[in-house]
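An overview of the molecular structure
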Amino acid sequence: MGHVLVLGPNPAIQKVVKIGGPLVPGSVNRATSSTTGVGGKGQNVAVALNMLGVSTVLAQFGGGDETGAKLMSLLPCETDPNMFHVITSPTSTPVRTCTTILSSDGATEVIEPTGAVTPEDIDCLLSRLSGLHPRDVLVLMGSIPPKAGVDFYSRVAVQCVAKRTRVVADIAARDQLDALLAACPPCRSFTLKCNVGELRKITCLPDSDLHDVVKAAFTLSPKLSNVALTDGGGSAYYADSAGAFKTISPPPVEAFRSPIGAGDCVAAGLACALSRGEESVEKAFVYGLAVGAASCQQESSSGFDAAYLAKLTSNKDK
């Protein structure tokens, strides 16, 4: 069993509000329920990895006020510290709140702006990471806070990547991805995990055939070894630098409740499989898709329906 380091520089407190009918803009929409949990892409991945039984370290910026304390209270910090550990650089700005509105006609996400971090905040986090031994899997999730600099992820990689490390990057900003690929030390594999729309933006090919978009992605750097793409509830796609391109049908979702956080759970499942020694990134991605499907069975953005995941994986093994 390997160890995973998750970078979640943009945490959130996630509020889920459910209304009984369709969402009506410009009108009063009365909620039937309201829950609060952890949010943020990296935080969602870390919580899902914890549910999967993977030894996980989560590194994040966190508000130095009551919002930071609230975020910590929502994370599974009561877990064995050998299995779940949080490294936080406190900031002077509060943790943002993201609100999901679940209605009969879909899910609507309202995301608060992120407060800026200072050079001192960044140095603090990097210093706290410096004592870690290199992880088997490094997961880099989502956008970075304002003023963090496009080289934030690359600075982390220089510190935390070893030859045995499997890197999973869910990064949609081209400048950040370019900086990361340029600086990343040699590693066992480097997988770009994003959705189809994000890859089209990264490659500046909004209307091209998807095969051409994927080929363009591999021209970004020879360090990029694999691309794992989701497309909402549609097909998923896997490609590698050797020229493979495969269309994958995600598992069915029997009792759909919310899509929020499903992509993060896909990343968690991918990282989980790699940490357990799966050599094939494609097979690890397929497992990730099962975790993502299981996440759609619940309203929380940071977990999944464990019973349904077991059902999906047991059916696959038969």
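The text that follows walks through the structure, step by step, so that each part is easy to find. (Residues numbered from 1 in each chain as written. Predicted model: local features only at pLDDT ≥ 70, side-chain atom pairs only at ≥ 80, totals over all residues. Heavy atoms only, no water.)

1. Focus on the overall build of the protein
Rule in force here: Only DSSP runs of H or I with at least four residues qualify as helices, and only runs of E with at least two residues qualify as strands; both kinds are numbered from the N terminus onward. Two things to know: the radius of gyration comes from C-alpha atoms, and the globule rule equals 2.2 Å times the number of residues to the power 0.38. Only protein chains enter the accessibility calculation, which uses a 1.4 Å probe; a residue is then buried when its area is under 20% of its type maximum, exposed when over 50%, and partly exposed in between. We call two residues in contact whenever any of their non-hydrogen atoms come within 4.5 Å of each other. All accessibility values rest on the Shrake-Rupley procedure with a 1.4 Å probe; residue burial counts only the protein chains present in the view. A residue counts as positive if it is Lys or Arg and as negative if it is Asp or Glu; His and the chain ends are not included. Here the site of a charge means atom NZ of a Lys, CZ of an Arg, CG of an Asp or CD of a Glu.
Of regular secondary structure, the protein possesses 10 helices and 13 strands. Relative to a compact globule of 318 residues, whose C-alpha radius of gyration would be 20 Å, the protein shows 19 Å and is just as compact. Counting only C-alpha atoms and orienting by the principal axes, one finds that the protein spans roughly 55 × 45 × 40 Å. Classification of the 318 residues of the protein by burial places 52% in the buried group. Sequence separation of at least 24 residues holds for 70% of the intrachain contacts in the protein that already meet a minimum separation of 6. As displayed, the protein has an accessible area near 13,500 Å², and 54% of this comes from carbon and sulfur atoms. The average position of the 27 basic charges and that of the 29 acidic charges among the side chains of the protein differ by 3 Å.

2. Description of the sheet that holds strand 7 (residues 106–111)
Definition in use: Here, a strand pair is defined by DSSP locating no fewer than two bridges between the strands. Between the N-to-C directions of two axes lies an angle of 0 to 180 degrees, each axis being a line fitted to C-alpha atoms and, for a helix, fitted only over the stretch in contact.
What the 4 strands build is an open sheet, ordered 3-2-6-7; its pairing is mixed. In this open sheet, the two edge strands, each paired with only one partner strand, are strand 3 (31–39) and strand 7. Taken pair by pair, the neighbouring strands of this sheet meet at an average axis angle of 20°, ignoring direction.

3. Topic: the pairing of strand 1 (residues 3–7)
Counting buried positions along strand 1 gives 4 out of 5 residues, so the element sits mostly inside the fold. Summarising the sheet, strand 1 and strand 8 (residues 137–141) pair through 4 bridges and their orientation is parallel. Residue pairing across strands places valine 6 opposite valine 139, the latter belonging to strand 8.

4. Describing the sheet that holds strand 4 (residues 55–63)
One open sheet holds the 9 strands; their spatial order is 5-4-1-8-9-10-11-12-13, and the pairing between them is mixed. Every interior strand has two partners, whereas the edge strands, strand 5 (84–91) and strand 13 (245–248), have only one. If you compare each strand with its neighbour and ignore which way they point, the axes differ by 15° on average. Against the sheet, helix 9 (residues 281–295) touches strand 9 (166–170), strand 10 (189–195), strand 11 (226–230), strand 12 (236–240) and strand 13, its axis set at about 160° to strand 12.

5. Some words on the pairing of strand 10
The cut-off we apply is this: Classification remark: right-handed applies to a crossover when, strands pointing away from the viewer, the course from the first strand over the helix to the second runs clockwise.
Of all 7 residues in strand 10, 6 are buried; the element is thus mostly enclosed. Pairing of strand 9 with strand 10 involves 4 bridges; the strand directions are parallel. Its bridge partner being in strand 10, alanine 169 is matched across the sheet by leucine 192. What joins strand 9 to strand 10 is helix 5 (residues 174–183), and the crossover it makes is right-handed. Pairing between strand 10 and strand 11: 5 bridges, direction parallel. In the strand pairing of strand 11, cysteine 194 is matched with leucine 229.

6. Observations regarding the environment of glycine 243
Along the chain, the position of glycine 243 falls in the loop between strand 12 and strand 13. Linking glycine 243 and alanine 157, residues 86 residues apart in sequence, is a C-alpha distance of 26 Å.

7. Regarding unusual backbone geometry
Despite not being glycine, lysine 147 shows a phi value in the positive range, around 70°. For lysine 147, the position within the fold is in the loop between strand 8 and helix 4 (152–160).

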